[in-house]
Every structure is written in structure tokens, then in C-alpha cells.
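Each chain, written out:
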Amino acid sequence: MSDTHSIIFRVIRRIPRGKVAAYGQIARLAGFPGQARLVGYALHALRDGSGPRVPWWRVLNARGEISLPAPADQDLQRSLLEDEGIVFDLRGRVDLKRFGWKK
DNA sequence: CTAGTGACTGTTT
DNA sequence: AAAACAGCCACTA
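Report follows, based on the coordinates. Numbering of residues starts from 1 in every chain and runs along the sequence as written. All chains are assigned letters beginning with A, and all ligands numbers beginning with 1, in the order in which they are written. Reporting in this predicted model follows two pLDDT cut-offs: at least 70 for local features of residues, and 80 or more for side-chain atom pairs to be given and counted; totals over whole chains, interfaces and linings ignore these cut-offs and use all residues. The basis for every side-chain value is the complete set of heavy atoms in the structure, and neither hydrogens nor water enter the calculation.

### Focus on the protein's contact with DNA strand C
Reasoning step 1: Every residue close to DNA strand C is listed here: Gln 35, Arg 37, Leu 38, Tyr 41, Arg 91 and Arg 93.
Reasoning step 2: By convention in this text, a residue qualifies as near a molecule or strand provided that one of its non-hydrogen atoms is within 4 Å of it. Of what DNA strand C places within 4 Å of the protein, 88% of the atoms are sugar or phosphate.
Reasoning step 3: We call two N or O atoms a polar contact when they sit within 3.5 Å, provided that within protein one can donate a hydrogen and the other can accept it, with sequence-adjacent residues counted only if both atoms are side-chain atoms. Tyr 41 is positioned with one of its side-chain polar atoms (N or O) 3.1 Å from a sugar or linking oxygen of DNA strand C.
Reasoning step 4: Taking Arg 91, its side chain carries an N or O atom lying 3.2 Å from a phosphate oxygen of DNA strand C.
Reasoning step 5: For this classification, the nonpolar set comprises Ala, Val, Leu, Ile, Met, Phe, Trp, Tyr, Cys and Pro, the charged set comprises Asp, Glu, Lys and Arg, and every other residue, Gly included, is treated as polar. Considering only residue class, the surface near DNA strand C consists of 2 nonpolar, 1 polar and 3 charged.

Here it is as C-alpha cells:
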């Protein structure tokens with residue numbers, strides 16, 4: 001596994017329960033400003049549970065919506081977030097003003 | 001080495 | 001407010 005991924009995962013592990021962060025925000029905190037896609041790519045490599053324990057479901061895009069390609073995974077992520085108290089509006093979006101991880 | 005692609009984002013239509 | 005565009009970068013063919 002590359003170092004960049006490790007650094008990114010380390011940042012994501014700091015996201016407190018009940019809060020969500022955007023890809024770009026993770027990238028910035030990890031020291032890679034403007035490289036949101038890199039975060040997405042790193043997380044994509046996790047989907048086989050073969051990686052370190054990372055709360056990947058607390059990562060959303062800048063609009064506050066789930067960005068996963070597979071509908072099945074989207075439902076899973078949504079359920080996990082709702083279990084932590086996150087609320088989705090009728091359009092399936094989270095209010096980042098309320099649940100965004102402010103750092 | 002070149003080209004296409006993707007768990008993105010800020011700006012401009 | 002939603003959609004289109006153009007940067008961004010690692011990875012694959």
C-alpha cells in the first residue's frame with residue numbers, strides 16, 4: 001500500500017462519530033490540497049475490507065451527497081450514517097452546516 | 001510514452 | 001438550483 005493512502009486513511013480515522021467530511025476536506029487535511037480525487041481513489045481500494053479499519057462511510061462529496069457508483073453501497077453507507085444520527089433530506093443530501101466535521 | 005477513467009471540486013452557464 | 005467545464009492525479013491498458 002502506498003504512503004499517500006496511509007496518510008489519507010489516518011485523516012479519515014479522525015472523523016468523529018456522527019460527523020461527515022468531504023473528499024476535498026480530507027485531501028486538504030492530509031496535505032494534498034485540491035486532490036480530492038486522490039482520496040476517492042484511495043477509498044475505492046478499500047472496498048475489499050482487506051485494508052485498515054477506516055470509517056469510509058463518513059466521507060461525502062462537497063454537496064453533502066453520497067458519491068458511490070454502486071446503488072447497493074449507497075444504501076449501506078446511508079444506513080451506517082443514519083445509525084450515527086446523520087439525517088438525509090428528501091433529496092438524499094446531508095446538511096453539512098450541521099453534520100459537517102468542522103476542523 | 002499516450003489516452004482513458006474515476007468514491008472530486010470550484011467556477012461558470 | 002441544476003448542469004456543464006476544466007483542472008487535478010494515480011492507475012490501467
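Don't stop here, the text continues.
### Quick look at the protein's contact with DNA strand B
Reasoning step 1: Close contacts around DNA strand B come from 14 residues, with Arg 37, His 44, Asn 61, Ala 62 and Leu 68 the closest.
Reasoning step 2: The sugar-phosphate share of atoms of DNA strand B within 4 Å of the protein amounts to 46%.
Reasoning step 3: At 3.2 Å, a backbone N or O of Gly 24 approaches a phosphate oxygen of DNA strand B.
Reasoning step 4: His 44 is positioned such that a nitrogen or oxygen atom in its backbone is 2.8 Å from a base nitrogen of DNA strand B.
Reasoning step 5: Taken together, the elements giving at least two residues each to the surface near DNA strand B come down to α2 (23-30) and α3 (36-44).
Reasoning step 6: The secondary structure listing takes helices from DSSP runs of H or I that are at least 4 residues long and strands from runs of E that are at least 2 residues long, numbered from the N terminus. A per-element tally of the surface near DNA strand B places α3 first, with 5 residues.
Reasoning step 7: A per-class count over the surface near DNA strand B returns 8 nonpolar, 5 polar and 1 charged.

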